[in-house]
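Fold and geometry: a report
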Amino acid sequence: MSFSSPASVLEVELRPDRPPVLRVEASADATGWAAEHRETLRARVAEHGAVLVRGLGLREPEQISAVFTELAGPLMPEREAFAPRESYGPGLYSSTAWPANQPMCMHHELSYALKVPGLLLFACPTAPAEGGATAVADAEAVLNALPAELTERFEREGWLLTRSYNDEIGASLAESFGTDDRETVENYCRAHAIEFAWQPDGGLRTRQRRCAVVRHPVTGRRCWFNQIAFLNEWTLAPEVREYLVDEYGADGLPFNTLFGDGAPIGEEVVQLLNETYEAHTQREPWQSGDLMLVDNIRTAHSREAFTGDRQVLVAMAEPQRLAEYGPTPKGIRR
């Protein structure tokens, strides 16, 4: 058996409210289809920023890993994770552990790292009963829609991410850095422009400044590329934020974001960012077996609240060092 496509050029269905969708006829050889159509599919991703492929029937991790590798080449190991994932093999992970009733707002994966994935690959072996879409938003359009005064400040100063690692909330040291050896963690932080301080209880606090606006390494277009809203305290559900502040203090939150000069980001700014993302969001509910490719620099993504079982596997590929393509806030080493 083999797959057939709507046309040899892989024409996609375009609607303003959803990501481009490519439909193929189901068959047994998803890996063979990926190898045959890799270049054309990747061209569609470059053209549109994201493509959802429907009909491949992806189910098993081994099959998904093979398809991902055919489409993207070597898969990246994740470092600096903010929440736990389950590993399904080299470079293949579960979606981030996050409460099903709480959405994950728009963000770009690992935008706080010096080396970021240029491409994200998602597969959905089991679709949820309701909700749970991996929605997308065009980062250039979001940048252009935001107030110039705000984006110019972030472009000038960058943004700060603060993290407090502990054994209760978020990713542990081992999950984030691949080890809990202090010397290895410290060496990683020094090599990646991350300030760090060990706490009396053995926890670790870090602080890193990153670019908020970058130029796409292929197109050169300016993109709103960060996790300013997603990792900010004001995006948390009010009861969750209140609990975390009471438990860990305002300076000890598992993660928070600040202006590049260290000033707090107000609730109204975070609300504006999330409202702007929503105005540019495209969503399509997952169906079991779906595949989705996302240009991580051009396109933000989110995960919506859901009910029922939901299994989505993810991989990252094509690492990019974006400090080479955008402004360099003070404190970032090239």
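In case you missed it, the structure is sitting above this.
Notes on the structure in this doc start here.

Rules and cut-offs
- Residues numbered from 1 in each chain as written.
- Predicted model: local features only at pLDDT ≥ 70, side-chain atom pairs only at ≥ 80, totals over all residues.
- Heavy atoms only, no water.
- Helix = DSSP H or I, 4+ residues; strand = E, 2+ residues; numbered from the N terminus.
- Rg over C-alpha atoms; globule rule 2.2 N^0.38 Å.
- Buried < 20%, exposed > 50% of the residue type's maximum accessible area, 1.4 Å probe, protein only.
- Contact = heavy atoms within 4.5 Å.
- Pairing = 2+ DSSP bridges.
- Patch = residues over 30% accessible without salt bridge, like charges linked within 9 Å, V, L, I, M, F, W, Y side chains within 5 Å.
- Areas by Shrake-Rupley, 256 points an atom, 1.4 Å probe, with all protein chains shown as cover.
- Salt bridge = Lys/Arg side-chain N within 4 Å of Asp/Glu carboxyl O.
- Lys, Arg positive; Asp, Glu negative; His and termini not counted.
- Charge placed at Lys NZ, Arg CZ, Asp CG, Glu CD.
- Axes fitted to C-alpha atoms, helices over the stretch in contact; angles between N-to-C directions.
- Arc of directions from axis to C-beta.
- Core = buried A, V, L, I, M, F, W, Y, C linked by side-chain atoms within 4.5 Å.
- Parallel < 35°, antiparallel > 145°, perpendicular 65-115°, else oblique.
- Left-handed = near helix turned anticlockwise from the far one by under 90°.
- Nonpolar A, V, L, I, M, F, W, Y, C, P; charged D, E, K, R; others polar.
- Phe/Tyr/Trp six-rings, centres within 6.5 Å; stacked < 30°, edge-to-face > 60°.

**Quick look at the overall build of the chain**
- The secondary structure content of the chain amounts to eight helices and 19 strands.
- For 334 residues, the compact-globule estimate of 2.2 N^0.38 gives 20 Å, and the chain sits close to it at 20 Å.
- For the chain, the C-alpha atoms occupy an extent of roughly 60 × 40 × 40 Å along the three principal directions.
- A total of 334 residues make up the chain; the buried ones form 53% of that total.
- If you take every contact in the chain between residues at least 6 apart in sequence, the share linking residues at least 24 apart comes to 80%.

**Some remarks on the sheet that holds strand β16 (residues 290–295)**
- If you walk across this open sheet you meet the seven strands as β1-β2-β3-β16-β6-β19-β4, and the pairing is mixed. Each edge of the sheet is formed by a strand with only one pairing partner; in this case those strands are β1 (13–15) and β4 (93–94).
- Here six bridges tie strand β6 (residues 115–126) to β16, and the two strands are oriented antiparallel to one another. Bridged to Ala-123 within β16 is Leu-291.

**Looking at a negative patch on the surface**
- Together, Asp-167, Glu-168, Asp-201, Glu-239, Glu-242, Asp-246 and Glu-247 give the surface a local cluster of negative charge.
- Within the secondary structure, Glu-168 is located in the loop between β9 (159–165) and α5 (173–177).
- Residue Glu-168 is classed as exposed on the basis of its relative accessible area, which comes to 59%.

**So, the sheet that holds strand β11 (residues 204–210)**
- If you trace the four strands from one edge of the open sheet to the other, you get β10-β11-β9-β14, paired in antiparallel fashion. The open sheet has two edge strands with one neighbour each: β10 (195–198) and β14 (255–259). Each adjacent strand pair in this sheet contributes to an overall mean axis angle of 15 degrees, direction not counted.
- The strands that helix α4 (residues 148–157) touches are β9, β11 and β14; relative to β14, the one it contacts most, it runs at about 100 degrees.
- Where helix α6 (residues 182–191) meets the sheet, its contacts fall on β10 and β11, and the angle it forms with β10 comes to roughly 155 degrees.

**Quick word on the environment of Val-213**
- Mapped onto the elements, Val-213 comes out in strand β12 (residues 213–215).
- Overall, the relative accessible area of 1% leaves Val-213 in the buried class.
- With 37 residues separating them in the primary sequence, Val-213 and Ala-250 have C-alpha atoms 27 Å apart.

**Comments concerning α6**
- Along α6, the positions that sit buried rather than exposed are Val-185, Glu-186, Tyr-188 and Cys-189. Taken end-on, α6 shows its buried residues confined to a sector of 160 degrees, consistent with a single buried face. Of the exposed residues in α6, the ones pointing more than 90 degrees away from its buried face are Glu-183 and Ala-191.
- On its buried side, α6 packs onto α5, β10 and β11.
- Looking one or two places after α6, you find Ala-193, whose phi comes out positive at around 55 degrees.

**Looking at the nonpolar core**
- In terms of nonpolar packing, the biggest core is built from 55 residues, with Phe-82, Phe-154 and Trp-224 touching the most fellow members.
- Apart from the residues within four sequence positions on either side, Phe-82 is in contact with Thr-96, Trp-98, Met-104, Tyr-112, Arg-163, Gly-170, Ala-171, Gln-227, Phe-230, Leu-231 and Phe-255.

**Some details on the packing of helix α1 (residues 30–48) against helix α2 (residues 61–72)**
- Direction vectors running N to C along α1 and α2 enclose 30 degrees, while the axes themselves pass 8 Å from each other. One way to sum up the angle between α1 and α2 is to call them roughly parallel. Judged by the sense of rotation from one axis to the other, the crossing of α1 with α2 is right-handed. Between α1 and α2, the contacting residues are Ala-30, Thr-31, Ala-34, Ala-35, Arg-38, Leu-41 and Arg-42 on the first element and Gln-63, Ala-66, Val-67, Glu-70, Leu-71 and Ala-72 on the second.
- Residues that form the contact of α1 with α2 fall into these classes: eight nonpolar, two polar and three charged.

**Remarks on the pattern of salt bridges**
- Considering all chains together, one arrives at 21 salt bridges under this definition.
- When the shortest N-O distance is used, the salt bridge between Glu-47 and Arg-44 registers 3.6 Å. Of the two residues, Glu-47 and Arg-44 both sit in helix α1, three residues apart, roughly one turn of that helix.
- The exposure class of Glu-47 is partly exposed, given its relative accessible area of 45%.

**With respect to the pairing of strand β17 (residues 299–303)**
- Of all the five residues making up β17, five are buried; the element is thus mostly covered by neighbouring parts of the structure.
- Alternating positions in β17 separate into two faces, Thr-299, His-301 and Arg-303 on one and Ala-300 and Ser-302 on the other, with burial throughout.
- Sheet topology note: the strand β5 (residues 104–107)/β17 ladder contains two bridges and is antiparallel. If you follow Met-104 over to β17, its bridge partner there is Arg-303.

**Re the packing of aromatic side chains**
- Within the structure shown, the criterion is met by eight aromatic pairs.
- Each ring, one from Phe-82 and one from Phe-255, has its centre 6.1 Å from the other, and the planes form 85 degrees; the classification is edge-to-face. Here Phe-255 lies in strand β14 and Phe-82 lies in the loop between α2 and β4, a separation of 173 residues in the sequence. Phe-255 matches Phe-82 in its accessibility class, with the two residues each being buried.

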